[in-house]
Amino acid sequence: MKISRADLFICLFLPGILTPAQSQDTTSLNTAATVANLTTITATTPTRTHTPDIKTLTTTAANPTTTNTGTFTTTSTSTTTSTTSAKTTLNPLICQNGGILSSSGNTCLCPPSYGGKTCEEPLKVCQNGGTFDSIKCVCTEDFYGDVCQYPVDEIGVATVQVEVAVEVTITNQEFTPQLMNINSEEYKVFERHFKSEMIKVYRNVPGLKYVEILSVRAGSIIVDHKVLMELELKPIITIQENYKEVVTILKEELKVFIQSQPSCNQSNPDTICLSNSTNVSEVVPPTETELCQWKAPANYSQFYFPYYFDGSSLRCVTHCRRGVPDAINCNHGECRLLRTGPRCFCQELDTYWYEGDNCSSRINKIAVYGGFGAALGVVLIVIITLAILLHKSKKKHHQQRTKKESKLNIYDNSYED
């Protein structure tokens, strides 16, 4: 049995306040009841427990010779509430698609094809050498499209490089074995001097770029070299015709130099004396078609061909280019070059249906849906009208029949009478 706080208060303090007579009776009763029913209250706390305080209560009755002593054991229990302050730890970022968490733990280092805080967003993969600038693909000059997937329809070509092979013999210098070694100092000095002097010889050749030594051999000094030129492409003349004209000029310049060169001797190494035994060989230049195939993007060269627009420079174009012979007319679409060849891509597919491969005719979906709805409405109106007419006809027929039957009944009744 549990004891209440009120009973405990009465047992501990009230006896001292009562009169001697009341104190004796009350103390005796309360002491007996309390001792019999008192139980020790024990509370457990996670932190600390007070040791019970033992108090001795002495009550003195009216009779000074009689003393009742009651001993009470009270257990004082205090409970301490512990508040645990837990550190709130945010969940670390979980990088996706091969991303790596940075050392700070706040960002993900994503692979090139993904972006976002956790590398969850796939980025555009730019094709054909295009680069992604975090917003769009930046394509090379030969491609376009969202991911640089389409080659351009036109490539401008202003010049073409051609070369001529020439063999000359230097008569005022002696051949040495060191000239066979291109890494020797003697060869390097000879190479610089030869190129410098031959540039002067060919200075009037149109489109002259540089001179390159191919080989050096004995026989005085025989030098095989090539002369590289960059020719302007003209619509009124082919590359081959232009090339022949340039070769003719080169031969003339070489001939003029040999005939006008001063008396050559070995005592003047700063000059080059050439013998009359020179050999000029043509290196077949590319045709316009070959040039366009070289200039075209890889895997698409077979679809490009040369074309001159109104006296302009050479253009390498495809059949998607408007204005060229046999250009593909995509009508309401756009022509794009694929690896399989030019193809029409019809526009506004959400609005129109197209017939054929060249998007020539199209049907408006909205108009069809609207027309179908209107026709359906007309049919519905016709059906309702017919139903009403049929109902009226039946009603009229029923009324006529009823009227006729009524007349027959009257006639029958009159006949019976």
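Residues numbered from 1 in each chain as written. Predicted model: local features only at pLDDT ≥ 70, side-chain atom pairs only at ≥ 80, totals over all residues. Heavy atoms only, no water.

1. A closer look at the sheet that holds strand S15 (residues 279-282)
This is how the line gets drawn: Here, strands pair whenever DSSP counts at least two bridges between them. Numbered from the N terminus, helices here are DSSP runs of H or I no shorter than four residues, and strands are runs of E no shorter than two. Interaxial angle, 0 to 180 degrees, is taken between N-to-C directions of lines fitted to C-alpha atoms, where a helix line uses only the stretch in contact. By definition, residues are in contact when any of their heavy atoms lie within 4.5 Å.
Read across the sheet, four strands follow the order S13-S14-S12-S15 without closing on themselves; strand pairing throughout is antiparallel. Strands at the two margins of the open sheet, each flanked by one partner only, are strand S13 (208-218) and S15. The mean angle between the axes of side-by-side strands here comes to 20°, regardless of whether they run parallel or antiparallel. Two strands pair when backbone bridges link them, and S13 and strand S14 (residues 221-232) are joined in this way by nine bridges, in the antiparallel orientation. Bridging across to S14, Ser 215 finds its partner in Asp 224. The strands touched by helix H3 (residues 185-201) within the sheet are strand S12 (159-170), S13 and S14, with S13 carrying the most contacts at an inclination of about 135°.

2. Let's talk about a nonpolar patch on the surface
The cut-off we apply is this: Each patch is assembled from residues with relative accessible area greater than 30% and no salt bridge, linking like charges that lie within 9 Å and nonpolar side chains (Val, Leu, Ile, Met, Phe, Trp, Tyr) that lie within 5 Å. Residue burial considers only the protein chains on display, and all accessible areas are found by Shrake-Rupley using a 1.4 Å probe. Salt bridge, as used here: a side-chain nitrogen of Lys or Arg that lies within 4 Å of a carboxyl oxygen of Asp or Glu.
A cluster of nonpolar residues, Val 378, Val 382, Leu 386 and Leu 389, forms a patch on the protein surface that exposes about 360 Å² of accessible area. Looking at the secondary structure, you find Val 378 in helix H6 (residues 365-416).

3. Quick look at the side chain of Ser 184
Applied cut-off: The buried label applies to any residue whose accessible area, calculated with a 1.4 Å probe on protein chains only, is under 20% of its type's maximum; exposed applies above 50%, and partly exposed to all values in between. Under the rule applied, a polar contact is a pair of N or O atoms within 3.5 Å (in protein, one hydrogen donor and one hydrogen acceptor; residues adjacent in sequence only if both atoms are side-chain atoms).
Mapped onto the elements, Ser 184 comes out in the loop between S12 and H3. Accessibility expressed as a relative area gives 12% for Ser 184, which makes it buried. Polar side-chain contacts of Ser 184 include one of 3.3 Å to the backbone nitrogen of Tyr 187.

4. Side note on the state of the cysteines
To be explicit about the condition: The definition used for a disulfide is geometric: two cysteine sulfur atoms within 2.5 Å.
The full count for this structure, using the stated rule, is eight disulfides. Note on cysteine connectivity: Cys 110 is disulfide-linked to Cys 119, with sulfurs 2.0 Å apart. Its S-S torsion of approximately -90° makes the covalent link between Cys 110 and Cys 119 left-handed. For Cys 110, a relative accessible area of 28% gives the class partly exposed.

5. Structural notes on the sheet that holds strand S16 (residues 305-308)
Judged by pairing direction, the sheet is antiparallel, and its three strands sit side by side in the order S11-S17-S16 without closing on themselves. The open sheet has two edge strands, strand S11 (154-157) and S16, and neither has a second partner. Shown here is a sheet whose adjacent strand axes are inclined to one another by a mean of 35°, direction ignored. In terms of strand pairing, S16 meets strand S17 (residues 314-317) through four bridges, oriented antiparallel. Looking at the pairing, Tyr 308 lines up with Leu 314 of S17.

6. What about the environment of Cys 335?
Here Cys 335 shows up in strand S18 (residues 333-338). In this structure, Cys 335 is in contact with Tyr 144, Asp 153, Cys 320, Ile 328, Cys 330, Pro 342, Arg 343 and Cys 344, ignoring residues within four places of it in sequence.

7. Notes on the nonpolar core
Worth spelling out the cut-off: As used in this record, nonpolar core signifies buried Ala, Val, Leu, Ile, Met, Phe, Trp, Tyr and Cys residues forming a set joined through side-chain atoms within 4.5 Å.
Grouped together as the largest cluster of nonpolar side chains are 50 residues, with contacts concentrated most on Val 166, Phe 190, Phe 194, Tyr 202 and Leu 254. Elements supplying a minimum of two residues to this core: S11, S12, H3, S13, S14, helix H4 (239-260), helix H5 (288-295) and S17. For this core, the leading source of residues is H4, giving seven residues. Sequence-distant contacts of Leu 254, that is, excluding residues within four places in its chain, are made with Val 166, Val 168, Met 198, Val 201, Tyr 202, Leu 274, Thr 278 and Val 280. By size, the runner-up hydrophobic cluster in this structure holds seven residues, among which are Cys 320, Cys 330, Tyr 352 and Tyr 354.

8. Describing the confidence of the model for the chain
To be explicit about the condition: The predictor reports its confidence for every residue as pLDDT, a score running from 0 up to 100.
For the chain, the mean per-residue pLDDT works out to 78, and 71% of the residues sit at or above 70. This model gives residues 16-89 a pLDDT under 50, and the stretch forms 69 contacts once residues within four places in sequence are excluded.

9. Considerations on H4
How we decide: Residue count minus one, scaled by 1.5 Å, sets the expected span of a helix.
With 22 residues, H4 extends 32 Å between its outermost C-alpha atoms, agreeing within 8% with the 32 Å of an ideal straight helix rising 1.5 Å per residue. Those residues of H4 that are buried lie in contact with S12, H3, S14, S15 and H5.

10. Regarding the pattern of salt bridges
Inspection of the entire model under this criterion finds twelve salt bridges. Residue Arg 217 is joined to Glu 167 by a salt bridge in which the shortest nitrogen-to-oxygen separation is 3.1 Å. Placement of Arg 217 in strand S13 and of Glu 167 in strand S12 is noted, with a sequence separation of 50 residues between them. The partner of Arg 336 in a salt bridge is Glu 334, and the shortest N-O contact between them spans 3.2 Å. Taking relative accessible area as the criterion, Arg 336 reaches 19% and is therefore assigned buried. Sharing partners across several salt bridges, the network here consists of Glu 154, Arg 315 and Arg 321.

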